[in-house]
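# Reading the structure
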Amino acid sequence: MKVKFKSFGFSFLVLLLLYAYSPLFQTLITSISVLVLLATLAWQMGPFVSRIFIKPFAKILDTRDKAVLITGCDSGFGHGSALLLNSMGFKVYAGCLSLDGLGPATLKSKASQPDRMILVKMNVTSEEEIDQAYNQIVSTMGANEKLWGLVNNAGIFRQGPIEMGDFDFFVREQFDVNVFAVVKVTRKFSPLIRKARGRIVVLSSLASRSSIAPLAAYCMTKHAIAAFCDCLRSEIGSAGVQVISIEPYFYNTNLINSKQLTSFDDKCWNTTPLEMRTAFGESEYKKTMNRFSLLLKSNGIGPGQDPAEVCEAVAKALVDPEPPYRYVCSSPYLKPIFLIGAIVPREFFVITQKRLMQRFSPTFDQAKKFE
């Protein structure tokens, strides 16, 4: 690592000298910098210009003949998105792991149009239940209705160092739900989406842009989903279907529930072989996991962390005439870190990330505010 930074320092010094004493090099660098800066600013200004001058005059999507399937509606983003889209006039097929819980019951009771809120039992890891959901949707859609949107929202989150914990629980099951289920559900319903020339929306994460310890398995699944969306977008775009990913940070949902985080920490430690537990050290393990859990909770309810933001992004992805490929949902002070992290050298990002976590991780006393 030291050699890399020494080489960087030497190269940077040489370029500074060239810039200072070579007019040709100075002109070239200045021109390129100005062009890149202007292009970046123009791209960032695009949505605001569109919002003011283009979208007010765009044709409003008629939702009366359009249906949307959302997976993982028992709670969280799926639950909120189902209610929001129902209020916008969509016929919503709300996929739930179980139809007996409080979440599914409130979907019906809180729906603006209860007759257009259809509950679907759907364990996304079960091919049998995916097939049953398909048959239910096809048989209950009206003659003039089309499946306009598929929202792949169902997902799980389990933290732990990649060397530790039960492999099936902390790695395989996250891939089963976060990756393979998304692919299976999309493959099953894409023919209906193609007929409608509709939208496929995938709930991804900012973890698809950068990797954060101790979330190796989770980040791996989100990087895989980013690749899936990019490839699917190229393959299905000619059919008039748009593919959009939603990339939220860790909002204040059940995903970062204190009891759940603690139970995962304990399970990870207890299912790790003695040799690795000895190598890692129990005190160091607890220190690492506690710091990370507290950081998640504090940022989860920080500025701009209302889960409704993500639901609104899902709605925009389904109704905007030309939605962007990615919607990033995060508090203002976190968004630049993740966006810059995708382009700076990994060595710099890893060091910066580690120092930021140490600097901004709340103490246990401060964490009581978030309990």
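The structure we're discussing is the one just above.
Structure report, in brief. (Residues numbered from 1 in each chain as written. Predicted model: local features only at pLDDT ≥ 70, side-chain atom pairs only at ≥ 80, totals over all residues. Heavy atoms only, no water.)

### What about helix H6 (residues 167-196)?
How we decide: Numbering of helices and strands runs from the N terminus, with a helix taken as a DSSP run of H or I at least four residues long and a strand as a DSSP run of E at least two residues long. Given a helix with a known number of residues, its expected span is that number minus one, times 1.5 Å. Bend at a given residue is defined as the angle between two axes, one fitted to the seven residues that end at that position and one fitted to the seven that begin there.
Under the 1.5 Å per step criterion, the end-to-end length of H6 is 40 Å for 30 residues, consistent within 8% with the ideal 44 Å. The largest bend in H6 amounts to roughly 50 degrees and is located at Phe189, with the proline Pro191 lying one to four residues further along. Following H6 by one or two positions, Arg197 has its phi on the positive side, about 55 degrees.

### Describing helix H11 (residues 308-319)
As a reminder, the rule being used: In this scheme, a residue with accessible area under 20% of its type's maximum is buried, one over 50% is exposed, and one in between is partly exposed, where area comes from a 1.4 Å probe on protein chains only. Working rule for contacts: check all heavy atoms of both residues, and any pair within 4.5 Å makes them a contact.
Between its first and last C-alpha atoms H11 spans 17 Å; for 12 residues at 1.5 Å apiece the expected length is 16 Å, and the two agree. Restricting attention to buried positions, one finds in H11 the residues Val310, Cys311, Ala313, Val314, Ala315, Ala317 and Leu318. The inward-facing, buried residues of H11 abut strand S1 (66-70), helix H3 (76-87), strand S4 (146-152), strand S5 (199-203), strand S6 (242-248) and strand S7 (326-329).

### A word on the packing of helix H5 (residues 127-140) against H6
To be explicit about the condition: Lines fitted to C-alpha atoms define the axes, with helix axes restricted to the stretch in contact, and inter-axis angles between N-to-C directions lie between 0 and 180 degrees. When describing relative orientation, an angle under 35 degrees is termed roughly parallel and one over 145 degrees roughly antiparallel, while 65 to 115 degrees is termed roughly perpendicular and anything else oblique. Left-handed describes a crossing in which the near helix is turned anticlockwise from the far one by less than a right angle; the clockwise case is right-handed. Nonpolar residues are Ala, Val, Leu, Ile, Met, Phe, Trp, Tyr, Cys and Pro. Charged residues are Asp, Glu, Lys and Arg, and all others, Gly as well, are polar.
H6 packs onto H5 with a crossing angle of 20 degrees between their chain directions and a minimal axis gap of 10 Å. Comparing their axes, H6 and H5 come out roughly parallel. Seen from above, H5 lies across H6 with right-handed handedness. Mapping the contact onto sequence places Glu127, Ile130, Asp131, Ala133, Tyr134, Ile137 and Val138 in H5 and Lys184, Val185, Lys188, Phe189 and Leu192 in H6. For the contact of H5 with H6, the per-class residue count stands at 8 nonpolar, no polar and 4 charged.

### Topic: the nonpolar core
Rule in force here: To define a nonpolar core, start from buried Ala, Val, Leu, Ile, Met, Phe, Trp, Tyr and Cys residues and group those joined through side-chain atoms within 4.5 Å.
In this structure, Leu69, Tyr93, Met122, Leu147, Phe189 and Ile200 are the most contacted members of the largest nonpolar core, which totals 35 residues. Elements that contribute at least two residues to this core include exactly S1, strand S3 (117-121), H5, S4, H6, S5 and helix H7 (216-236). Looking at this core, the element that brings in the most residues is H6, giving 10 residues. Here Ile200 is in contact with Leu150, Asn152, Thr186, Ile193, Leu232, Ile236, Val241, Gln242, Val243 and Ile244, once residues within four sequence places are set aside. Counting 29 residues, the second-largest nonpolar core is a separate cluster that includes Val68, Leu85, Ala111 and Trp148.

### Re the pairing of S5
Which entries qualify depends on this criterion: Two strands are said to pair when DSSP picks up at least two bridges between them. We call a crossover right-handed when, viewed with both strands directed away from the observer, the connection leading from the first strand over the helix to the second proceeds clockwise.
In terms of burial, S5 is largely enclosed, as 5 of its 5 residues are buried. Here S5 shows a buried face lined by Arg199, Val201 and Leu203 and a second buried face lined by Ile200 and Val202. Sheet analysis places S4 next to S5, joined by 4 bridges and oriented parallel. Across the sheet, Asn152 pairs through a bridge with Val202, a residue of S5. Taken together, S4, H6 and S5 constitute a β-α-β crossover, and its handedness is right-handed. At this point the chain moves from S5, through H7, to the parallel S6, and the crossover so formed is right-handed.

### Section: the packing of aromatic side chains
To keep things clear, this is the line we draw: Note on aromatic pairs: the rings of Phe, Tyr and Trp (six-membered ring only in Trp) are paired at centre separations within 6.5 Å, and the planes decide the class, stacked below 30 degrees, edge-to-face beyond 60, tilted for the rest. By definition, being over a ring means that NZ of Lys or CZ of Arg is both within 6 Å of the ring centre and within 35 degrees of the ring normal.
For the structure on display, the rule yields 7 aromatic pairs. Ring geometry for Phe157 versus Tyr218: centroids 5.1 Å apart, planes at 85 degrees, classification edge-to-face. Of this pair, Phe157 sits in the loop between S4 and H6 while Tyr218 sits in helix H7, and the two are 61 residues apart along the sequence. Residue Tyr218 is classed as buried on the basis of its relative accessible area of 6%. Ring geometry for Phe169 against Phe170: centres 4.9 Å apart, planes inclined by 80 degrees, an arrangement best described as edge-to-face. Taken together, the ring pairs in this structure connect Phe169, Phe170 and Phe264 into an aromatic cluster. Here the guanidinium or amino end of Arg158 rests over the ring plane of Phe169, the centre of that ring lying 3.8 Å away. Above the plane of the ring of Tyr134 lies Lys188, whose end atom (NZ or CZ) is 4.8 Å from the centre.

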